[in-house]
Structures are given as C-alpha cells and as structure tokens.
Amino acid sequence: MTQTLTLALSKGRIFDETLPLLKAAGIEVLEDPETSRKLILPTNQPHVRVVLVRATDVPTYVQYGGADLGVTGLDTLIEHNSDWGGSAGSAGLYQPLDLQIAKCRMSVAVRADFDYVAKVKQGARLKVATKYVAIAREFFASKGVHVDLVKLYGSMELAPLTGLADAIVDLVSTGNTLKANHLVEVERIMDISSRLVVNPAALKMKQADIRRIIDAFSAALPAAKS
Ligand code: PRP
C-alpha cells in the first residue's frame, strides 16, 4: 500500500520558489494557494499532498509528524530550535538540504541619525526590537554588547521610529523596506536561505519516497547544475 506523503509549505516566496524543485521531483501542485481557500492542496501524484501553514509553524508540523517534510527559512529553524533549548538540529528535525531559495540576510538596522558604532564602543545598553530573539541574543552576546530585547511579531521597522527601540534585528532582502523607513543596515548577522526539513520517523517509514524527493531537489539546486 502506498503511504500518503505530506509536505508543509508556507504561502508566498517559499511556496513559489519550491514549485520548480517539486517539478524536478515530478510533483505538480494542482491548486493555487493565492486563489484557493483550501489548506490541503492535492498534487498530480495521488499519494503526495501539500499542507499550507504559517511559516513559523512549518518546523512544528514536521517535528510532530503533522507533515513528513517541509520547507522553512533558516531564521525560523534557529528560532524554533532555540525554543527547544538547543542549537540547529536539536528539535529532532533531519535537515538534509540547503535549498538555496528565499535568500535574504539577517541584519541589524538603526535610524540613519543613530550612531550605532559609537554606542557600541561606549558599552551602552542597546534596546533591540525583533521577532528573532534567539538570533539577536546570540549575536549580541558574541560581540559582548548588552541588550534589552523587545519581542515583536511584525513591522519591526516602526520600533526605532517611535522610540520603542534603538535598533532592530530583521530580515533584509532588497533593502527597500529599510530605505522607505529611513533606516540603515549597520551589521549583517547571517545569510538566510530555506532548508528542507524531514521528520526522522517518516524518513524511516517512507524512506523510498522521501529519498526520491531529496535526490531530485538536490539535483535541481543551482550548485548541482553548474
Ligand atoms: C520581511 C522583513 C522586512 C522585509 C524586507 O518582511 O521583515 O520587513 O521583508 O524586505 P526588503 O529588504 O526586500 O524590503 P516580510 O515581507 O517577509 O513580512 P513579515 O514582516 O511578516 O516578516
């Protein structure tokens, strides 16, 4: 009997940029998440389905077996693993591939009129607003900078503009959002891309199907093509 294989994706850039990889694995999603209200999308392969979840929920779905595999940003993965009290990999997720999609960077940004370098040099305590508290905590600790972290869930750019924080730690892609809000990038913390994550038990139970997908994705990556 063929077992159902469930792939967790989030709408938007990750979904769009995973489609060509799925195609390379012979999988075509039959409905468009932008027009359909369905959360479970069928594919051209009767035993493969896609579930649409919030980006931050992808590691949770895969960890608990709500999905066999998923695609998630490194930022989300680090924050998820930190909630589990450890470094990347410790939440029991197998991470076989950097898919090199949805690329961006995690950076520190401040108001253009805020002298970040001088403040850090003075040993001043910085107020930092971010959705990515684990990444921010680790980064500033490694620099020996004392910070008070303010957890936000979105629109981080607003924090330095309203006096809520001196700096933000956020994802930067084109830099347009920072620019539009008169903020400048002062440190680049890390490069971010999306990763394939797999439930270890599913890997054992559905090994052939999952291996086939990992191999097809892997062969379709830019590094493999060049
Ligand atoms: C991210 C990030 C910035 C923006 C940066 O937000 O939080 O706001 O993209 O992109 P840019 O450098 O190309 O302007 P996203 O749109 O992913 O939504 P979010 O706030 O829900 O994370």
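Throughout this description, residue numbers start from 1 for each chain and increase along the sequence as written. The predicted nature of this model means local features are confined to residues of pLDDT at least 70 and side-chain atom pairs, given and counted, to a pLDDT of 80 or more, with totals for whole chains, interfaces and linings taken over all residues. Side-chain calculation: all heavy atoms of the structure are included, whereas hydrogens and water are not.

A.B. asks: Talk me through the overall build of the chain; I want residue IDs and the actual numbers.
C.D. replies: Of regular secondary structure, the chain possesses ten helices and eleven strands. Based on the C-alpha atoms only, the size of the chain along its principal axes is roughly 65 × 35 × 35 Å. Relative accessibility decides the category of a residue: with a 1.4 Å probe and only protein chains considered, values under 20% of the type maximum give buried, values over 50% give exposed, and everything between is partly exposed. Burial statistics for the chain: of 226 residues in total, 46% are counted as buried. Contact between two residues is taken to exist if any of their heavy atoms lie within 4.5 Å; hydrogens are not considered. A separation of at least 24 residues holds for 65% of the contacts in the chain among residues at least 6 apart in sequence. To be clear on the numbers: accessible area is Shrake-Rupley with a 1.4 Å probe, and residue cover counts the displayed protein chains and nothing else. Counting every atom, the chain has about 11,600 Å² of accessible surface; 51% of that belongs to carbon and sulfur. Helix and strand assignments follow DSSP, with helices taken as H or I runs no shorter than four residues and strands as E runs no shorter than two, numbered in order from the N terminus.

A.B. asks: Can you break down the packing of helix 1 (residues 13–24) against helix 9 (residues 207–220) residue by residue, with the values?
C.D. replies: The description of two packed helices rests on the angle between their axes and on the distance between the axes. Two elements in contact, helix 1 and helix 9, have axes separated by 8 Å at closest approach and are oriented at 115°. With respect to helix 9, the axis of helix 1 lies roughly perpendicular. Seen from above, helix 1 lies across helix 9 with right-handed handedness. Facing helix 1, whose interface residues are Thr-18, Leu-21, Leu-22 and Ala-24, helix 9 presents Ala-216, Phe-217 and Ala-220. When the residues that make up the contact of helix 1 with helix 9 are grouped by side-chain class, the tally is six nonpolar, one polar and no charged. Axes here mean lines fitted to C-alpha atoms, for a helix over just the part in contact, with angles spanning 0 to 180 degrees between N-to-C directions. Here the angle decides the label: under 35 degrees means roughly parallel, over 145 means roughly antiparallel, 65 to 115 means roughly perpendicular, and every other value means oblique. In this scheme, a crossing is called left-handed if the near helix is turned counterclockwise away from the far one by less than a right angle; it is called right-handed if the turn is clockwise. Each residue is assigned to one of three groups, with Ala, Val, Leu, Ile, Met, Phe, Trp, Tyr, Cys and Pro labelled nonpolar, Asp, Glu, Lys and Arg labelled charged, and all others, Gly among them, labelled polar.

A.B. asks: Provide a residue-level description of helix 3 (residues 74–83), including the pertinent values.
C.D. replies: Helix 3 sits mainly inside the fold: seven of its ten residues count as buried. The complete set of buried residues in helix 3 reads Leu-74, Asp-75, Thr-76, Leu-77, Glu-79, His-80 and Asn-81.

A.B. asks: How would you sum up the environment of Val-50? Please name residues and give values.
C.D. replies: Within the secondary structure layout, Val-50 lies in strand 3 (residues 48–52). Taking relative accessible area as the criterion, Val-50 reaches 0% and is therefore assigned buried. With 42 residues separating them along the chain, Val-50 and Ala-8 place their C-alpha atoms 5.8 Å apart. Ignoring anything within four residues of it in the chain, the contact list for Val-50 reads Leu-7, Leu-9, Phe-15, Val-29, Leu-39, Ile-40, Leu-41 and Thr-43.

A.B. asks: Residue-level account of the site of the ligand, with values.
C.D. replies: We call a residue near a molecule or strand as soon as one heavy atom of that residue lies within 4 Å of the molecule or strand. By nearness alone, every residue bordering the ligand is listed as Lys-131, Glu-157, Asp-170, Leu-171, Val-172, Ser-173, Thr-174, Gly-175, Asn-176 and Thr-177. Between N or O atoms, a polar contact is any pair within 3.5 Å; within protein, one atom must be a potential hydrogen donor and the other a potential acceptor, and residues adjacent in sequence are included only when both atoms are from side chains. Glu-157 places a polar side-chain atom, nitrogen or oxygen, 2.8 Å from an oxygen atom of the ligand. The side chain of Thr-177 places a nitrogen or oxygen atom 2.4 Å from an oxygen atom of the ligand. Here the ligand, which alone exposes 500 Å², has 59% of that area covered by the protein.

A.B. asks: Kindly report on the domain arrangement of the chain, identifying the contributing residues and their values.
C.D. replies: The domain boundaries here were taken from an automatic or database domain assignment. Partitioning the chain into domains gives domain 1 (5–102 + 193–225) and domain 2 (104–192). On a C-alpha basis, the centroid separation for the pair domain 1 and domain 2 is 29 Å. Counting from both sides, the interface comprises eight residues of domain 1 and, opposite them, twelve residues of domain 2. Interface area, domain 1 with domain 2, both sides summed: about 750 Å², of which 60% is carbon and sulfur. By salt bridge we mean one thing: a side-chain nitrogen of Lys or Arg within 4 Å of a carboxyl oxygen of Asp or Glu. Put simply, domain 1 and domain 2 have zero salt bridges between them. At the boundary of domain 1 and domain 2, one finds three residue pairs in polar contact (both at pLDDT 80 or more). Tallying contributions element by element places helix 3 first for the side of domain 1 that touches domain 2, with five residues. Defined in terms of a 1.4 Å probe, buried area is the accessible area two parts forfeit on being brought together, summed over both.

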